[in-house]
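Close look at the chain arrangement
This is what each chain is made of:
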Amino acid sequence: MEEATRKTGPLTGFTVIEMAGLGPVPHAGLMLAELGARVVRVERLAKEQAFLNLPPQYDLDRHGREIIRIDLKRAEGTALMMRLAAGADAILEGFRPGVMERLGLGPEPLLAANPRLVYGRMTGFGQDGPLAARAGHDLTYLALSGVLHTIGPKDGKPVPPLNLAADYGGGTMFLIMGVLAALLEASRSGKGQVVDAAMIDGASMLAAPFFAFMAAGIWQDRRGVNLLDSGTPFYDTYTCADGRHVAVACLEPQFFAEFCRLLPLDERFARAQYDQSLWPDMRAAIASRIAERPRDDWAALFEPTDACVAPVLSLGEAPAHPHNRARRTHVDTDGLTRPAPAPRFSRTPAAVSPQAVRDVASTLRAFGIDESEAEHLASEGIVGR
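Nothing here was measured: the structure is a model prediction, and the numbers come from that model.

What counts and how
- Residues numbered from 1 in each chain as written.
- Predicted model: local features only at pLDDT ≥ 70, side-chain atom pairs only at ≥ 80, totals over all residues.
- Heavy atoms only, no water.
- Phe/Tyr/Trp six-rings, centres within 6.5 Å; stacked < 30°, edge-to-face > 60°.
- Helix = DSSP H or I, 4+ residues; strand = E, 2+ residues; numbered from the N terminus.
- Buried < 20%, exposed > 50% of the residue type's maximum accessible area, 1.4 Å probe, protein only.
- Expected span 1.5 Å × (residues − 1).
- Arc of directions from axis to C-beta.
- Contact = heavy atoms within 4.5 Å.
- Patch = residues over 30% accessible without salt bridge, like charges linked within 9 Å, V, L, I, M, F, W, Y side chains within 5 Å.
- Areas by Shrake-Rupley, 256 points an atom, 1.4 Å probe, with all protein chains shown as cover.
- Salt bridge = Lys/Arg side-chain N within 4 Å of Asp/Glu carboxyl O.
- Axes fitted to C-alpha atoms, helices over the stretch in contact; angles between N-to-C directions.
- Parallel < 35°, antiparallel > 145°, perpendicular 65-115°, else oblique.
- Left-handed = near helix turned anticlockwise from the far one by under 90°.
- Nonpolar A, V, L, I, M, F, W, Y, C, P; charged D, E, K, R; others polar.

**Quick word on the packing of aromatic side chains**
Counted under the stated rule, the structure contains ten aromatic pairs. Between phenylalanine 125 and tyrosine 141, the aromatic rings sit 5.1 Å apart at their centres with planes inclined by 85°, giving edge-to-face as the arrangement. Of the two residues, phenylalanine 125 sits in the loop between β5 (118–123) and α6 (138–145) while tyrosine 141 sits in helix α6, which places them 16 residues apart along the sequence. With a relative accessible area of 10%, phenylalanine 125 lands in the buried category. Residue tyrosine 141 is classed as buried on the basis of its relative accessible area of 5%. Counting every residue linked through ring pairs, the aromatic cluster contains Phe234, Phe256, Phe259, Tyr274, Trp279, Trp298 and Phe302.

**A word on helix α12 (residues 279–290)**
Here α12 is twelve residues long and its end C-alpha atoms lie 16 Å apart, about the 16 Å a rise of 1.5 Å per residue gives. Within α12, burial applies to Trp279, Met282, Ile286, Arg289 and Ile290. What you see down the axis of α12 is that its buried residues fit within an arc of 95°, all on one side. Structurally, α12 contributes buried residues whose contacts are with β7 (235–239), β8 (245–249), α10 (253–262), α11 (267–270) and α13 (295–302).

**Considering a nonpolar patch on the surface**
A surface patch of nonpolar side chains, amounting to about 290 Å² of accessible area, comprises Leu52, Leu54 and Tyr58. Among the secondary structure elements, leucine 54 is positioned in the loop between β2 (38–44) and β3 (65–70). Its relative accessible area of 40% is what places leucine 54 among the partly exposed residues.

**So, the packing of helix α2 (residues 24–34) against helix α7 (residues 164–189)**
Packing of α2 against α7 brings their axes to within 9 Å, and their N-to-C directions diverge by 50°. Comparing their axes, α7 and α2 come out oblique. As α2 runs across α7, the sense of the crossing is right-handed. Contact residues: Pro24, Val25, His27, Ala28, Met31 and Leu32 in α2; Asp167, Tyr168, Gly171, Thr172, Met173, Leu175, Ile176 and Leu180 in α7. Residues of the contact of α2 with α7, tallied by class, amount to ten nonpolar, three polar and one charged.

**Some words on the pattern of salt bridges**
For the structure on display, the rule yields 20 salt bridges. One salt bridge connects arginine 121 with glutamate 101, and the closest N-O pair in it is separated by 2.9 Å. Taken together, the positions of arginine 121 in strand β5 and glutamate 101 in helix α4 (residues 99–102) put the pair 20 residues apart, joining distant regions of the chain. By relative accessible area, which is 4% here, arginine 121 ends up buried. Of the charged contacts in the structure, one is a salt bridge between glutamate 258 and arginine 261, with a shortest N-O distance of 3.1 Å. In this pair, glutamate 258 and arginine 261 both sit in helix α10, three residues apart, roughly one turn of the helix.

Here's what the structure looks like:
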């Protein structure tokens, strides 16, 4: 297909089937597409109210994909899916356990049709266990992983970190890692396998260092009293004169010394960074000083230094920051400002995904289904036109 030949990323030549869903799986589909994979998104044939009805130019859940709508409740639709899977390297699905099996599209028949297939499964609680069939969201998995307990102020309640930690950190990233690892192994063994990625597992793994810190006795199982959870005055955010904020993260003594010199902070604090008896007074002194000037004044003062102080930018401000502009960390496409593909590759660069392609005949042709058969499938209502 012409679209596939234009791919330049390191996954060029790989074909991924993405079963349409929400959250981690479509985000994984976007990232794999921008790394060069050909991603075919299979959507339900029946029209349904979208959870988020975004205009096409903003709908990243579909960008970079070829879209095909299939009636999976009919035997002909199942048979078509088997043919797609036979020509793919990987399939991604994010349904509750048992859904794909009830459709006749579980790992057993698909791996029989394509022994090299990597079958990536994304759920909240995994394929087994007492909660496997339960519904949940990012916050649910964070709560049960112990991670949510660590996020928030000392005297306040746990704070949801958007849906970044479980959905995308513990979900998308671990699904992608698992699928890519299985593809690498399949290139050696010739055999595919099932990747059971669960958001509760991924979120838990992200917190592995903190379990180690706690076991070593250097982390308390309480919020706001530890090194990295705002428990220290030199790793926290502070309010500026204009009501905006700066992030102070000068953990190491040399960085803290620079911070103290520029703020400036009283010498008794500069000499005793890790004296916890001084922390309440140190925090008050830092807060009082930061409150004297607006955020951007502090940003200008600290930016050329190693004091590890940064302005807390909004999503709207971040793309305009000089470093982000220089790195081209964000791109503009069809009126959408969004993060650029990451990571970066020296020889096979990733590329921003265009809007979705909905050309059933072209998509099916790439799987060995000619135009007359594609037209028959469409006329019979097996695939959407």
